[in-house]
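Below are the chains, spelled out letter by letter.
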Amino acid sequence: MPTNHSIAVVGGGLGGLAAACTLAARGHEVTLFERNSWVGGKAAVLHREGFRFDMGPTILTLPSVLQRIFAEAGREMSDYLELMPLDPQWRCFFEDETTLDLVADKEKMVSNIGSFAPGTLSGEGYRKWLNLSERLHDISDRYFFWKSIGGIKDMFDARRTFQPGTLGDVLAMRMGRTVAGTIRSFVSDERVCQMLDHFTQYVGSAPDASPAVLCGIGHMQTAEGIWYPKGGTRAVPEALAKLAIDLGVTIRTNTGVRRIITEKGRVSGLETDDGEVLHFGAVVANSDTVRTHRELLDEKSGQAFQVRRKYEPACSGVVLYLVLKKAYRHLLHHNFIFSRSPEEEFEYIYRKGEPAPDPTCYVCAPALTEPAVAPPGGEALYVLVHTPYLRPHQDWTRMLPAYRKVILNKLKKTGGLEDIEDRIVCEEALTPLDIHNRYHVLNGAIYGLASHGRFLGAFKPANRSPDIRGLYFAGGSAHPGPGMPMVLMSGWIAADTLTKDDPLSPDPDREGPRAKRAELAIST
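Residues numbered from 1 in each chain as written. Predicted model: local features only at pLDDT ≥ 70, side-chain atom pairs only at ≥ 80, totals over all residues. Heavy atoms only, no water.

Trainee: I tried to follow the environment of K106 on my own but got confused; where do I start?
Mentor: The topology assignment puts K106 in helix α3 (residues 106-116). What makes K106 partly exposed here is its relative accessible area of 27%. Put simply, K106 and G123 are 17 residues apart on the chain and 9.8 Å apart in space, counted from C-alpha to C-alpha. When near neighbours in sequence (up to four residues on either side) are disregarded, K106 contacts Y126, R127, L130 and N131. A polar side-chain atom of K106 sits 2.8 Å from a polar atom in the side chain of N131. (Helix = DSSP H or I, 4+ residues; strand = E, 2+ residues; numbered from the N terminus. Buried < 20%, exposed > 50% of the residue type's maximum accessible area, 1.4 Å probe, protein only. Contact = heavy atoms within 4.5 Å. Polar contact = N/O pair within 3.5 Å; in protein donor to acceptor, adjacent residues only side chain to side chain.)

What follows is the structure, encoded as structure tokens:
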């Protein structure tokens, strides 16, 4: 028979690992099931010719979220993981052959933009926009983060809704406005706007279709910075897996889950791909929420979710892993080589559903930060170009060679990588089809579900199932959404919600540390 202490986590991505660690730290017996031979989901690693690549996420922001998970167990994150700050955070390359570095310091960035776009007042516009971003970040912290949210009614306490402070926060959210429109109400230089637009690419969505509250991402990054884990972002799931094992979590890799078993509207266990039936008091699903309801639950259990709201996949992408015999010294660790027209780019990707003819390329060149990723003088160059999520008519085995040429031409023309083909020793690639098959996500979406919609775009499925007792969700397709810190937060929220829901929890009143970001010591 199931016990309230025994919990299954389905999927060993970052959200699943965060949930497993938090639950184990609070005294639960936890078993984590992962279909692949590794844990960490998209935060995997690729080795070629003595070079090492992070296969998935490469940008770590909001390290305080990660630190909270270690603090649950009374552990120091620095004992498991070494983080190095990166500033400048990005280098931006534009079609007119200009470049602009994004730095964390607000006043320095205001000055830099003033010099970059003189006479446009864009520097002062950036200051005002970042002030709004800070306000939106604060609102998100108070109403949106750290609890299970499935819609706007979950954000506000009914007793406080009509208080002046709450009404002021609602107005500050600029509901009905988009990210792109909000940015352009402050900044007039189109290149600077294009740089700020790309904060929403963390959530795989079009800035002209995403709600203005997502402008808060800008302050989230500038306030806590961008960090590089020594060993690459792969070091994050490795650290969490070590913490999980230290806390007594059983990790079963190469063990897929065929179905989540429910009885009378409540989770009672699961069945593995091998037919093994196991009983649990609760399940945290770190699998894609849409596919979980379609494929892991019986039709009756999953039906309510599928008729409640139609969710759109976020964008997918093509990733090139290029082994270069010689590094480019004009690149920073993180770089954006921007398209000639953001309107054209987003029209193709998000509305036409076709690859952009002139795409923005994100380029990661980590050898300068960590020489161990490549032999001396070389570079493990990671190139990501966003594409539409997988459409039925798209055959990426046929499309990739031609689109690879488009990407390389863009790197040469706008990014100054003129001789890149001569420097490539060997390469690998991931396409939307590869991402769909490898990570079992919805239509090859890298970032879970899209954040489109001026009013409801920020809302993802809640971490607590409203339909099935004992079922919880974590990952990029659950609240609060995609990106490394948000996925980690989703795991913490799922665990915290489960603990509060369970009257027989080993520690039902525990909420974990609630330290402010400024009080968290991040090891450098």
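The rest of the description comes next.
Trainee: I tried to follow the pattern of salt bridges on my own but got confused; where do I start?
Mentor: Between side chains of opposite charge, a pair can form as their charged atoms come close. Under the definition given, this model contains 31 salt bridges. Note that K410 is salt-bridged to E95, the shortest N-O span being 2.9 Å. Of this pair, K410 sits in helix α13 (residues 396-413) while E95 sits in the loop between β7 (90-93) and β8 (99-102), placing them 315 residues apart in sequence. For K410, a relative accessible area of 2% corresponds to the buried category. Several salt bridges share partner residues, and in doing so they unite R26, E72, D496 and K500 into one network. (Salt bridge = Lys/Arg side-chain N within 4 Å of Asp/Glu carboxyl O.)

Trainee: Any chance you could explain the pairing of strand β14 (residues 282-285) here in plain terms?
Mentor: The two faces of β14 match: A282 and V284 on one face and V283 and A285 on the other face are all buried. Two strands pair when backbone bridges link them, and strand β1 (residues 6-10) and β14 are joined in this way by four bridges, in the parallel orientation. Within β14, the residue paired with I7 across the bridge is A282. (Pairing = 2+ DSSP bridges.)

Trainee: How do you make sense of the sheet that holds strand β15 (residues 316-324) when you look at a structure like this?
Mentor: In any sheet, the strands associate via hydrogen bonds between backbone groups, in a parallel or an antiparallel arrangement. Strand order in the open sheet formed by seven strands is β8-β7-β16-β17-β18-β15-β19, with mixed pairing between adjacent strands. Each having just a single partner strand, β8 and β19 (424-430) make up the two edges of the open sheet. Sheet twist, expressed as the average angle between the axes of neighbouring strands with direction ignored, equals 20°. Where strand β16 (residues 334-337) meets strand β17 (residues 361-364), four bridges bridge the pair, whose relative direction is antiparallel. Across the sheet, N335 pairs through a bridge with V363, a residue of β17. (Axes fitted to C-alpha atoms, helices over the stretch in contact; angles between N-to-C directions.)

Trainee: Even after reading the chapter, I still don't get the pairing of β17, so can you show me in this structure?
Mentor: Across a regular strand the side chains alternate sides, sitting on one face of the sheet and then on the other. Where burial is concerned, the two faces of β17 agree: the one with C361 and V363 and the one with Y362 and C364 are both buried. Pairing of β17 with strand β18 (residues 379-387), which is carried by four bridges, proceeds in the antiparallel orientation. Bridge pairing in β18 links V363 to V383.

Trainee: Help me understand the sheet that holds strand β2 (residues 29-33) in this model?
Mentor: Judged by pairing direction, the sheet is parallel, and its five strands sit side by side in the order β10-β2-β1-β14-β20 without closing on themselves. Sheet topology places β10 (250-252) and β20 (471-473) at the edges, where each strand pairs with a single neighbour. Taking the axes of each pair of neighbouring strands and ignoring which way they run, one obtains an average angle of 20° across the sheet. Sheet contacts for helix α16 (residues 484-501): β1, β14 and β20; angle to β20, the most-contacted strand, approximately 155°.

Trainee: Help me understand empty space enclosed by the protein, please; the structure alone is not making it clear to me.
Mentor: A water-sized probe, rolled over the atoms, reveals where empty space remains. Going through the model one piece at a time under the given rule, you end up with four cavities of 30 Å³ or more. Empty space within the second largest cavity amounts to approximately 90 Å³. Lining the second largest cavity are R52, F53, D54, T58, Y228, G232, C364, P366, V373, A380 and Y382. When residues of the lining of the second largest cavity are assigned to their parent elements, the largest contribution, three residues, is made by strand β4 (residues 51-54). (1 Å grid on protein atoms, 1.4 Å probe; cavity = no way out; pocket = protein on both sides within 12 Å on 5 of 7 lines; lining within 4 Å. Points joined across faces, edges and corners; volume = space filled by probe spheres on them.)

Trainee: Which parts of the structure should I look at to understand the packing of helix α2 (residues 63-72) against α16?
Mentor: When two helices pack together, their arrangement is given by the angle between the helix axes and the distance between those axes. Interaxial distance between α2 and α16 falls to 8 Å at its minimum, and their mutual angle equals 30°. Looking at the two axes, α2 sits roughly parallel to α16. Here α2 and α16 pass one another in a crossing that is left-handed. Side by side, α2 and α16 meet where V65, L66, R68, I69 and E72 of the first sit next to P485, L488, M489 and W492 of the second. (Parallel < 35°, antiparallel > 145°, perpendicular 65-115°, else oblique. Left-handed = near helix turned anticlockwise from the far one by under 90°.)

Trainee: How should the packing of helix α1 (residues 14-25) against α16 be read in this particular structure?
Mentor: At a minimum axis distance of 7 Å, the contact between α1 and α16 shows a crossing angle of 40°. α16 is crossed by α1, and the crossing has right-handed handedness. Here α1 contributes L14, G15, A18, A19, T22 and L23 to the contact with α16, which in turn contributes M484, V487, L488, S490, G491, W492, A495, L498 and T499. Tallied by class, residues from the contact of α1 with α16 come to ten nonpolar, five polar and no charged. (Nonpolar A, V, L, I, M, F, W, Y, C, P; charged D, E, K, R; others polar.)

Trainee: Which parts of the structure should I look at to understand the side chain of T58?
Mentor: Tracing the chain through its elements places T58 in the loop between β4 and β5 (60-61). With relative accessibility at 8%, the residue T58 sits in the buried group. Here Y362 takes part through its side chain, which lies 2.5 Å from a polar atom of the side chain of T58.

So far we have only geometry, and geometry alone does not tell us how the molecule works.
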